[in-house]
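Residue-level listing of the chains:
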Amino acid sequence: MRKQLERAMHYQQTVDMMYLAKDGSITKRRVNVLQLGESSFRAYCHLRNAKRTFAIDSVLALVPVIAREKAVI
């Protein structure tokens, strides 16, 4: 998971993340990784429109968001 977070931060990718919250609920967040620490990372959360700190161990899945062209022919 750490490698994926490093890659997302390096390439400034927006990623969809499945996250296990402290209360045991699972949430889907769209984030941009800003800083990576030993056990947590700081990211801009599009759901909350704010910078948040997430525990790396609580990340269940990460998927890069692919921007698709919207060309009308």
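Residues numbered from 1 in each chain as written. Predicted model: local features only at pLDDT ≥ 70, side-chain atom pairs only at ≥ 80, totals over all residues. Heavy atoms only, no water.

**Student:** What should I look at first to understand the sheet that holds strand 1 (residues 14–20) in this one?
**Tutor:** Remark on secondary structure: sheet strands pair via backbone hydrogen bonds, oriented parallel or antiparallel. Spatial strand order, 4-3-2-1-5: five strands in an open sheet with antiparallel pairing. On the outer flanks of this sheet lie strand 4 (50–55) and strand 5 (59–64), each paired with one strand and no other. With direction set aside, neighbouring strand axes in the sheet form an average angle of 45 degrees. Pairing between strand 3 (residues 40–45) and strand 4: six bridges, direction antiparallel. Of the residues in strand 4, the one forming a bridge with Ser 40 is Ala 55. Here helix 1 (residues 2–10) sits on the sheet and contacts strand 1, strand 2 (26–36), strand 3 and strand 5; the angle it forms with strand 2, its principal contact strand, is near 65 degrees. (Pairing = 2+ DSSP bridges. Helix = DSSP H or I, 4+ residues; strand = E, 2+ residues; numbered from the N terminus. Axes fitted to C-alpha atoms, helices over the stretch in contact; angles between N-to-C directions. Contact = heavy atoms within 4.5 Å.)

**Student:** Help me out: how do you make sense of the packing of aromatic side chains in this one?
**Tutor:** Aromatic rings in a pair are described by how distant their centres are and how their planes are angled relative to each other. In total, this model carries two aromatic pairs according to the counting rule given. Ring geometry for Tyr 19 against Phe 54: centres 5.1 Å apart, planes inclined by 75 degrees, an arrangement best described as edge-to-face. One end of the pair, Tyr 19, is in strand 1; the other, Phe 54, is in strand 4, with 35 residues separating them in the sequence. Residue Tyr 19 shares its accessibility class with Phe 54, and that shared class is buried. Three or more aromatic residues joined by ring pairs make a cluster, and in this case those are Tyr 19, Phe 41 and Phe 54. (Phe/Tyr/Trp six-rings, centres within 6.5 Å; stacked < 30°, edge-to-face > 60°. Buried < 20%, exposed > 50% of the residue type's maximum accessible area, 1.4 Å probe, protein only.)

**Student:** Help me out: how do you make sense of the pattern of salt bridges in this one?
**Tutor:** Should their charged atoms come close, side chains of opposite charge can pair. Summed over all chains, the structure comprises two salt bridges. One salt bridge connects Glu 6 with Arg 2, and the closest N-O pair in it is separated by 3.7 Å. With Glu 6 and Arg 2 both in helix 1 and four residues apart, this pair spans about one turn of that helix. A relative accessible area of 32% places Glu 6 in the partly exposed class. For the salt bridge of Asp 16 with Arg 30, the shortest nitrogen-to-oxygen distance reads 2.7 Å. Placement of the pair is Asp 16 in strand 1 and Arg 30 in strand 2, with a sequence separation of 14 residues. Take Asp 16: its relative accessible area is 16%, and that puts it in the buried class. Taking relative accessible area as the criterion, Arg 30 reaches 37% and is therefore assigned partly exposed. (Salt bridge = Lys/Arg side-chain N within 4 Å of Asp/Glu carboxyl O.)

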